[in-house]
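# Residue-level structure breakdown
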Amino acid sequence: IFITVVVRVLPISISTLASSKMTSSFTDNSTECAICFEPFEGTETITLTCGHRWHTACVKQQLQSAKPNTSQRLLFSGYRCAKCKAFCDHPDLRDLTRKTDELRERVDALVEEQLKADLPTAWEGARQDRDAKARLLDEGRRNYAFYLCGGCDEPYFGGTVECADEQQGELIASEDRLCQACSPRTHEICQHPFEHGAYHVWKCRYCCNPATFLCYGNVHFCKPCHARNPNVQAIPCVGGACCTFPKPKGQTTHSNGSSRECEQLYYCAWCDSSSSDAFAQNERTGSRNFIVNPSGEEGTRGWRPILDRWGQPEMWQVENMELRVDQHTQTNFVSSYSWARMMQTVPLHEYVRDPTSVQIEVSAKFMGRTDCPSLFFMQALVSDSNGRILHRVSTSELSAPAGFWEKATLTIDPVNGAHEVSMIVSGKDERFWSGNFGSKVCHCSVRVLCDEDELGNILIGE
């Protein structure tokens, strides 16, 4: 049910709209209206293009009552013929249906964009197959939930139907239902929220973890909290330095709970990559990255595989990046069904005047697929001039988020005798699928942390 949020709207040709306007050869011989159950005789009637006959007043009242609103997801069921479910179409009804027809086109454009993000392989394979593409679009219409923004009156993606029909998802106030472009929380972080929606990383409403699910149109969940929904209980933020996620301005803790005030956009990957100001707010100052080939731009150059228990190398592969982490990176590493492990050793003594006195940051960005859960694990080893390991630090086994790049960071305080630092990244899928369906990694980095004005004294040749 994981969702990658995409808010771009592109014009496309909608076959369903065309088919709904085809004139039917069917003749409706009914003698009474199936809406009010009153006879047709002596009253004004209308025969829709599908062939079914109704009282004109009854159909118009149905269409008036079915106007989309912000309190419920967009269904368009009230714009369908009650007998055959074709969309109501007749020249005398165009003033009532024109706006909704245009809205349906925009929703179908969002369906297409969401399918491209969630099922990129299937969508690419269906591009030249009209029937396969139509089946995918129908699947998206059935499974995705869309809402009308109370701010701009535009449709936006709000999760899956599975998480759309609960009472919690039906909101009354228009300000409760806002698209990302209209949310004030988005504007605090992102310079272009409408265009950058696919690069937004939100906080789970009920805890501090980054969210991987969007439900009810405006509620973000992490995987564990989503699994406990609707009985999820808020997990209080420990606050201060113990919670490493960005806090709201002027606060030392996150607000976690059912209130919409607990929603928070952590960062926009696009803005972070293109704006030095935004980047500075989320990154500590320090040296350049010492890792060679950090995202697979040059294949696996600079990395060496770590043998498995049978002495076989399980190496990461390189693929073209499907979900962009920024405007520049084109590739990433990807793992397979068994643990893929690779290592790169950075000779600190060649870059740093005194390797024993510096603080080191080891980091990488990782993510998974929407159709196959996966794991990611990162280690850092500090060794002396004889290769003896002096210090070891690692993450836990992390569930790779689907649909956005999450950053894993390890910080190493000065280590007496430090000479080299090795970075090890490991990944695998959890379903043992043949092929490269495991976790992905990019932006692998080893840096020295320091103030910018100290670089000349710390680094060799600066």
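Residues numbered from 1 in each chain as written. Predicted model: local features only at pLDDT ≥ 70, side-chain atom pairs only at ≥ 80, totals over all residues. Heavy atoms only, no water.

## Examining the overall build of the protein chain
- A tally of regular secondary structure across the protein chain gives eleven helices and 19 strands.
- A buried classification covers 49% of the 462 residues belonging to the protein chain.
- Residue pairs in contact within the protein chain that sit at least 24 positions apart in sequence constitute 68% of those at least 6 positions apart.
- Accessible surface, the protein chain: about 22800 Å² in total, of which carbon and sulfur atoms supply 48%. (Helix = DSSP H or I, 4+ residues; strand = E, 2+ residues; numbered from the N terminus. Buried < 20%, exposed > 50% of the residue type's maximum accessible area, 1.4 Å probe, protein only. Contact = heavy atoms within 4.5 Å. Areas by Shrake-Rupley, 256 points an atom, 1.4 Å probe, with all protein chains shown as cover.)

## Quick word on the nonpolar core
- Of all hydrophobic cores here, the largest spans 37 residues; its most connected members are W303, V362, F376, M378, M423 and V425.
- Those elements giving two or more residues to this core turn out to be β12 (340–346), β13 (359–367), β14 (374–383), β17 (406–412), β18 (420–429), β19 (440–449) and α11 (455–458).
- C81, F87, L93 and V111 belong to the second-largest nonpolar core, a separate cluster that totals 32 residues. (Core = buried A, V, L, I, M, F, W, Y, C linked by side-chain atoms within 4.5 Å.)

## Focus: unusual backbone geometry
- Of note, the amide linkage connecting N229 to P230 takes the cis form, showing an omega dihedral of 10 degrees.
- Phi is positive for D153, close to 65 degrees, though the residue is something other than glycine.
- Note that D153 resides in the loop between β3 (144–148) and β4 (155–160).
- Phi at H443 takes a positive value of approximately 50 degrees, unusual for a residue other than glycine.
- Assignment of secondary structure puts H443 in strand β19.

## Brief notes about the pattern of salt bridges
- As enumerated under the stated definition, the model contains 16 salt bridges in all.
- As a salt-bridge pair, R94 and D89 come within 3.1 Å of each other at their nearest N and O atoms.
- Its relative accessible area of 31% is what places R94 among the partly exposed residues.
- Looking at D89, the relative accessible area reads 2%, which means it is buried.
- Put simply, E298 and R301 hold a salt bridge, and the shortest N to O gap is 2.9 Å. (Salt bridge = Lys/Arg side-chain N within 4 Å of Asp/Glu carboxyl O.)

## Comments concerning the confidence of the model for the protein chain
- With 87% of its residues at a pLDDT of 70 or more, the protein chain has an overall mean of 83.
- For the protein chain, helix α9 (residues 276–282) is the element with the lowest average pLDDT, namely 39, and strand β11 (residues 331–334) is the one with the highest, namely 96.
- Note on residues 1–21: pLDDT is under 50 here. Beyond four places in sequence and across chains, it has 70 contacts.
- Contacts for the low-pLDDT stretch residues 275–282, under 50 throughout, to residues beyond four places or in other chains number eight contacts. (pLDDT = per-residue confidence, 0-100.)

## Observations regarding the environment of R205
- Tracing the backbone shows R205 in the loop between β5 (200–202) and β6 (213–215).
- Taking the C-alpha atoms as reference points, R205 and H254, 49 residues apart in sequence, are found 9.6 Å from one another.
- Once residues lying within four places of it in the same chain are set aside, the contact partners of R205 are N218, V219, H220, S255, N256, G257, S258, S259, R260, C262 and E263.
- Within the structure, R205 has its side chain in polar contact with the backbone oxygen of N218 (distance 3.2 Å).
- A distance of 2.8 Å separates the side chain of R205 from the side chain of E263, its partner in a polar contact. (Polar contact = N/O pair within 3.5 Å; in protein donor to acceptor, adjacent residues only side chain to side chain.)

## Some words on a negative patch on the surface
- A cluster of acidic residues, D451, E452, D453 and E454, forms a negative patch on the protein surface.
- Its place among the elements puts E454 in the loop between β19 and α11.
- By relative accessible area, which is 35% here, E454 ends up partly exposed. (Patch = residues over 30% accessible without salt bridge, like charges linked within 9 Å, V, L, I, M, F, W, Y side chains within 5 Å. Lys, Arg positive; Asp, Glu negative; His and termini not counted. Charge placed at Lys NZ, Arg CZ, Asp CG, Glu CD.)

## A short note on the side chain of S374
- The topology assignment puts S374 in strand β14.
- Residue S374 is classed as buried on the basis of its relative accessible area, which comes to 2%.
- Only 3.4 Å separates the side chain of S374 from the backbone nitrogen of S439, close enough to count as a polar contact.
- With residues near it in sequence (within four places) discarded, S374 still touches G368, L398, S399, A400, K428, D429, E430, G438 and S439.

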